[in-house]
Every structure is written in C-alpha cells, then in structure tokens.
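# Secondary and tertiary structure notes
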Amino acid sequence: MKKILFIFKTIFIIELMISFGFAEISTPTPTTALNKIASSMSHSAQNDQQNILEITNATSNLLNSSELTAGIQESAEKYGLTIDSEAAAILAGIDTSSSESIAKALASMDANIGWLDDDYVQTIDQDTIIYDSEFQTLTKVTGGDLEYSSSNDVFDPNVAQQVRAQTYVNFKKRTIFAVVDTKVTRTGTTDEIEIGWNTGTASFSSLPIVATADQRLRKDGFSHDVPFGTNIDASSTFSTMKKSTTQLQDACAVSTCGEGDYWTVKQNFIEEFNNDTSDTSSVGSVYFYGKFTTASEGSEGTGILVLEGGHTADGANEQTFVESIERYEATATLIGKAAE
C-alpha cells in the first residue's frame, strides 16, 4: 500500500512540474556534504531560489535531484561556470547503490575537461577539495556486449587487483588532477607491481565536471601515456581497449604521432599489452582507465576504475588478441574533503 501511495505522489509531483514549469520553487536545503566542506573552507552554504536549474528528466529520487540541481546552480554562479545540462540530467538519474547504474551513467557522460601544459605548476591550497577513493578491489568482468574473456591468464584471480585515485578539484581555479596508485599481480608471478603517477592538470568551465584519464602500466614498474587514437584531449581516452568484439581501438593517428611513428601501427599495441610471459617480444603492459564526475562544490564524487590486459601467443592477429582481453573494474562514491 505504501508503494502505491508513493507512486501516486510521485506522479502528482511530476504533473505539477510539467503544468507549472516556471512556478515558484522553494529553496532546497543544503546537503550535509556541502555544509561540512563549506565549514572547513569558510564558505557559506546558501541557495538562490531565483536561479535553480530545471532538469526535465523525472527520476525516482526527486529530493536528491533537487539538492543536486540546487548545488550545481549555486556553484556555477559562484565561480562563473556554465552548466552541462546533459551531464546533469544523467547524473541525477544515477542510483549510487548500484555499480551497474554508476558504470552505465558514467559511460554515457562526455568528458568536458581540457588538459593544461605539462609545465603547469599544480598547487594544493585551502580551496582544494580532495575526493579519495581509498584502495578499491576491482572485480572481474566477463561476457557482456564486448565479450570480455573469462580466462585468468593476465590477472591472478587469487590476489586482489587494487586501485586508489585521489582527485583534487579547485573550483576557484577551475583545475582538476588526480594521483593514482595501482597494485597489480599478474598470473604466473608472485610479485605485486605497485605503480603510482600523477595525471597532470586539466581545466574545466562547466558543471558537472566529467574527467577521464588513461595510462599503460608496465611490468618494470613505470607508467606511460596511452597513444590510442588522436590522444590530444580527454575525449580521446577510451573506457576499454576494445573497439568491438574483434577490433582493438585505433592506433595513433598520423596527424598526432607523425608518419612512421611506432604507435601508428596497431600490431605494436598488441605487443605492448600482451601478457604472455613466454613471448619475449611482448611488453606485458596493463591498460588503466579512470573516469570521475562531481556535480558541484558540495556534492559527492562518483568514479570508475578499470584494468585490462590481453594474453596471446607470439604473432597473434588482432581478433585473437582482442578476444583474449580480461577486464577488472570497480565503481566508487567519494566524499569530498577540504585540503588542510
């Protein structure tokens, strides 16, 4: 009976929103996260009821959507940012208790950051908010539309594959970067390879922030950029090495890497991410991908962390390698904390 009443109430609220699209809207109550962060940063947590962003997508979490919407509008006005309405609508519909919901929503959100020059000096000050995922144990993904391999030739199934991402966001400076740490154990080895790196700094001009990063983790303990595709901005990162069930993502474009460059040949990517330890020509790298989003200064952050690798005999063709790719992933909800 309670469920039926809730459904009727929800339908009634939606009809009111449609019928009185520009009617007076009550001022939403600031979220607990916003008050906590605002207190530590000496920021007030006030909403302007005349400038509440209207998200037309109706969701089952109307109150949460209202708070999220108010937070986006407030932060956008405070820092002179624009609003990415499409990303906001998608974010409003995420069920944060469901990893599947988080993963699907993040996959449908387009990155809206732009990388700054490598010589940009990163600083952490009282305006920086840190979103720390802590170490997440990734779960093996098999099957699906891209038919990820169920074999255990790349990652040791008896050892936790872990990733931690600490994302630093400065709304005042409009900058974002992350420090990522990984713990990977390959099948057939006993050594846990720990690799950490800094993504470099990107800028943003709209809310919600949607940021991505990728990296190739080598068995020698070092990490490097991934030259898939054009590799010139956040939109050229890929959530998976698979372009299809039989194809790898495109090699580096000649316009980006130059004629004759090593990374313009797709076969070289196969050698790079082939983890067959008996193949002396394989490099044994693991592909890392991460995506992070947060709606506003006071909202939670949401992210996904991914590890992938393939395992084939020497000289295997593209399809054989792609069909061997194993995938591990984890989603996380992150509470922002003001830097000290």
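Thresholds applied
Residues numbered from 1 in each chain as written. Predicted model: local features only at pLDDT ≥ 70, side-chain atom pairs only at ≥ 80, totals over all residues. Heavy atoms only, no water. Buried < 20%, exposed > 50% of the residue type's maximum accessible area, 1.4 Å probe, protein only. Helix = DSSP H or I, 4+ residues; strand = E, 2+ residues; numbered from the N terminus. Pairing = 2+ DSSP bridges. Disulfide = S-S within 2.5 Å. Contact = heavy atoms within 4.5 Å. Axes fitted to C-alpha atoms, helices over the stretch in contact; angles between N-to-C directions. Polar contact = N/O pair within 3.5 Å; in protein donor to acceptor, adjacent residues only side chain to side chain. pLDDT = per-residue confidence, 0-100.

### Notes on the pairing of strand β7 (residues 175–184)
Burial analysis of β7 places eight of its 10 residues in the buried class, which makes it a mostly covered element. Two strands pair when backbone bridges link them, and strand β6 (residues 162–170) and β7 are joined in this way by nine bridges, in the antiparallel orientation. Note on β7: the bridge partner recorded for Q162 is K183. Hairpin connection, β6 to β7: the antiparallel pair is bridged by four residues, and R174 has positive phi, about 60°. Taken together, the two bridges between β7 and strand β9 (residues 202–204) define a ladder with antiparallel strand orientation. The residue of β9 that forms the bridge with T175 is S203. Across six bridges, the pairing between β7 and strand β8 (residues 193–198) is antiparallel. Bridging across to β8, D181 finds its partner in G196.

### Let's talk about the state of the cysteines
Under the counting rule described, the total for this entry stands at one disulfide. Residue pairing for C252: its cysteine sulfur links by disulfide to C257, the two sulfurs lying 1.9 Å apart. On the sign convention where negative means left-handed, the S-S torsion of about 90° between C252 and C257 marks this disulfide as right-handed.

### Examining the sheet that holds strand β5 (residues 139–141)
Read from one edge of the open sheet, six strands run β5-β15-β14-β13-β11-β12, paired in antiparallel fashion. For this open sheet the edge positions go to β5 and β12 (223–224), each flanked by a neighbour on one side alone. The pairing of β5 with strand β15 (residues 326–334) spans three bridges and is antiparallel. By the bridge assignment, T139 is partnered in β15 with E329. Of the strands in this sheet, β13 (286–294), β14 (301–309) and β15 are in contact with helix α5 (residues 99–107), which crosses β14 at around 85°.

### Let's talk about the side chain of S282
For S282, the position within the fold is in the loop between α7 (266–272) and β13. For S282, the side chain forms a polar contact with the main-chain oxygen of D276, separated by 2.9 Å. The residues touching S282, leaving out its near neighbours within four places in the chain, are K219, E271, N274 and D276.

### Concerning the confidence of the model for the chain
Of the residues in the chain, 80% reach a pLDDT of 70 or more, and the chain-wide mean stands at 83. Every residue in residues 1–63 scores below 50 in pLDDT, and together they form 70 contacts with partners more than four places removed in sequence or on other chains.

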